[in-house]
Amino acid sequence: MGSLTFLIGGGWDATAVGAVYEPFLRAATGPRIGCVVLDEGEGDGGGGEEQFGRYDAVLRKVADCSPVPLLVPLGATFDPDRLQGLDGLLVCGGLTPAYQEAFAGCLGQLPSMLAEFGIPYAGFSAGAVVAARHALVGGWLDDGVPVCHEDTAEDLEEIDVRAGFGLVPFAVDVHAAQWGTLPRLIAAVTKHGLRHGVAIDENTVVEFGADEARARVSGLGRAHSVRPSADGGVLVRSYRAGEFIPAVPATPSAPTAPGILAD
């Protein structure tokens, strides 16, 4: 049996923290919540310790827990042995391609360890993106054509899809309504042959159980499901809090072109 996965679309609205984090903390097997933070050094967002402090404060506000900082210096790799002794794992936000690179050496190992230890996974922004099998790590151009604002590109030009954990059966984009990233996900589904993608608004969480065929939406915003259609376009539907996204369709909406990715 796999672990529960909670995908958070970003956001720091204080009125939403209960709805966003409480399901994850309730699923944790104890108080020790590991928080993986990419330490990008001092800058506008502060260093790793400062960033960890933001998550520490939010988690403690929601539940009686003991967050554990798991800082990863920029350019370094995450050691999955650091999962031992934890009761839950939160992979935090930051530069999404750098998070994917930090986990590149343990993409296959970490999910099995989460399942073995019974540890639920939560991903905030970048952490939500890398939870997918195919991680949409950024970019703002589709063959040179802008599909979202350059400021959302994560220091990339062309839309980039890389290997992720495979904890959920759909690709993920985040900050959907706030940053206008839904068109990027639509372009990725079309260009890379993905069978399903979900773009999540800020202050919104999508909860998925590894043995389930649907995902539950909670929080203030919506989650936007994107699937290919039989005519070569896409089907888009938005789900609000309390609704369920069919995560694993019985049959694909459209055939996947040969030689490209398939979710």
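Owing to the predicted nature of the structure, the values given are computational and were not obtained by experimental measurement.

Quick notes on the rules
- Residues numbered from 1 in each chain as written.
- Predicted model: local features only at pLDDT ≥ 70, side-chain atom pairs only at ≥ 80, totals over all residues.
- Heavy atoms only, no water.
- Pairing = 2+ DSSP bridges.
- Helix = DSSP H or I, 4+ residues; strand = E, 2+ residues; numbered from the N terminus.
- Axes fitted to C-alpha atoms, helices over the stretch in contact; angles between N-to-C directions.
- pLDDT = per-residue confidence, 0-100.
- Contact = heavy atoms within 4.5 Å.
- Core = buried A, V, L, I, M, F, W, Y, C linked by side-chain atoms within 4.5 Å.
- Buried < 20%, exposed > 50% of the residue type's maximum accessible area, 1.4 Å probe, protein only.
- Polar contact = N/O pair within 3.5 Å; in protein donor to acceptor, adjacent residues only side chain to side chain.
- Phe/Tyr/Trp six-rings, centres within 6.5 Å; stacked < 30°, edge-to-face > 60°.
- Lys NZ or Arg CZ within 6 Å of the ring centre and 35° of its normal.
- Salt bridge = Lys/Arg side-chain N within 4 Å of Asp/Glu carboxyl O.

A. Main features of the sheet that holds strand β10 (residues 171-174). Spatially, 4 strands are ordered β10-β11-β14-β15 in an open sheet, and the strand pairing comes out mixed. Strand pairing shows two members of the sheet lacking a second neighbour, β10 and β15 (234-239), which therefore form its edges. When the angles between neighbouring strand axes are averaged without regard to direction, this sheet yields 20°. Both strand β11 (residues 197-200) and strand β14 (residues 223-228) contribute to a ladder of 4 bridges, which runs antiparallel. Counted as the bridge partner of Gly 197 is Val 226 from β14.

B. Summary view of the confidence of the model for the chain. Overall, the prediction assigns the chain a mean pLDDT of 92, with 92% of residues at 70 or greater. Every residue in residues 250-263 is under pLDDT 50, and counting partners more than four places away or in other chains gives 31 contacts.

C. Geometry of the nonpolar core. Formed by 70 residues in total, the largest nonpolar core has its most connected members in Tyr 21, Leu 89, Leu 90 and Phe 103. Setting aside anything within four residues of it in sequence, one finds Leu 90 in contact with Phe 24, Ile 33, Gly 34, Cys 35, Val 36, Tyr 55, Leu 59, Ala 122, Gly 123 and Phe 124. In this structure, Leu 185, Ala 187, Val 189 and Ala 199 belong to the second largest nonpolar core, which totals 13 residues.

D. Up close: the side chain of Ser 225. One can find Ser 225 in strand β14. The buried category is assigned to Ser 225, whose relative accessible area is 4%. Looking at Ser 225, its side chain comes within polar contact range of the side chain of His 196, at 2.8 Å.

E. Expanded view of the packing of aromatic side chains. Taken as a whole and assessed by the stated rule, the structure comprises 8 aromatic pairs. With centroids separated by 5.3 Å and ring planes inclined at 85°, the aromatic side chains of Tyr 55 and Phe 124 adopt a geometry described as edge-to-face. You can see Tyr 55 sitting in helix α2 (residues 48-62) and its partner Phe 124 sitting in strand β5 (residues 121-124), a full 69 residues away along the chain. Of the two residues examined, Tyr 55 and Phe 124, each falls in the buried class. Lying across the ring of Trp 12, Arg 54 places its NZ or CZ 3.9 Å from the centre. Of note, Arg 214 hangs over the ring of Phe 244, and the distance from its end group to the ring centre comes to 3.7 Å.

F. Geometry of the sheet that holds strand β3 (residues 66-73). Read across the sheet, 8 strands follow the order β3-β2-β4-β5-β1-β12-β13-β16 without closing on themselves; strand pairing throughout is mixed. This sheet does not close on itself; its edge strands, each paired only once, are β3 and β16 (244-246). Adjacent strand axes in the sheet meet at a mean angle of 20° when their direction is disregarded. For strand β13 (residues 214-219) and β16, the ladder comprises 3 bridges, and the chain directions are antiparallel. If you follow Arg 214 over to β16, its bridge partner there is Pro 246. Sheet contacts for helix α1 (residues 17-27): β1 (4-8), β2 (32-39), β4 (88-91), β5, β12 (204-209) and β13; angle to β1, the most-contacted strand, approximately 160°. Here α2 sits on the sheet in contact with β2, β3, β4 and β5, set at roughly 155° to β3.

G. Spotlight on the pairing of β5. Both faces of β5 are covered, namely the face carrying Tyr 121 and Gly 123 and the face carrying Ala 122 and Phe 124. Note: β1 against β5, 4 bridges, orientation parallel. What sits directly across from Phe 6, in β5, is Ala 122. Bridging between β4 and β5 involves 3 bridges; their strand directions are parallel. Its bridge partner being in β5, Val 91 is matched across the sheet by Gly 123.

H. A look at the pattern of salt bridges. Tallying each qualifying case throughout the model produces 9 salt bridges. Across the pair Arg 240 and Glu 243 runs a salt bridge, and its minimum N-O distance is 4.0 Å.

I. Local environment of the environment of Gly 11. Structurally, Gly 11 can be placed in the loop between β1 and α1. For Gly 11, a relative accessible area of 13% corresponds to the buried category. When the C-alpha positions of Gly 11 and Ser 125 are compared, they lie 8.4 Å apart, and in sequence the two are 114 residues distant. Excluding its chain neighbours within four sequence positions, the residues that come into contact with Gly 11 are Phe 124, His 175, Glu 202 and Asn 203.

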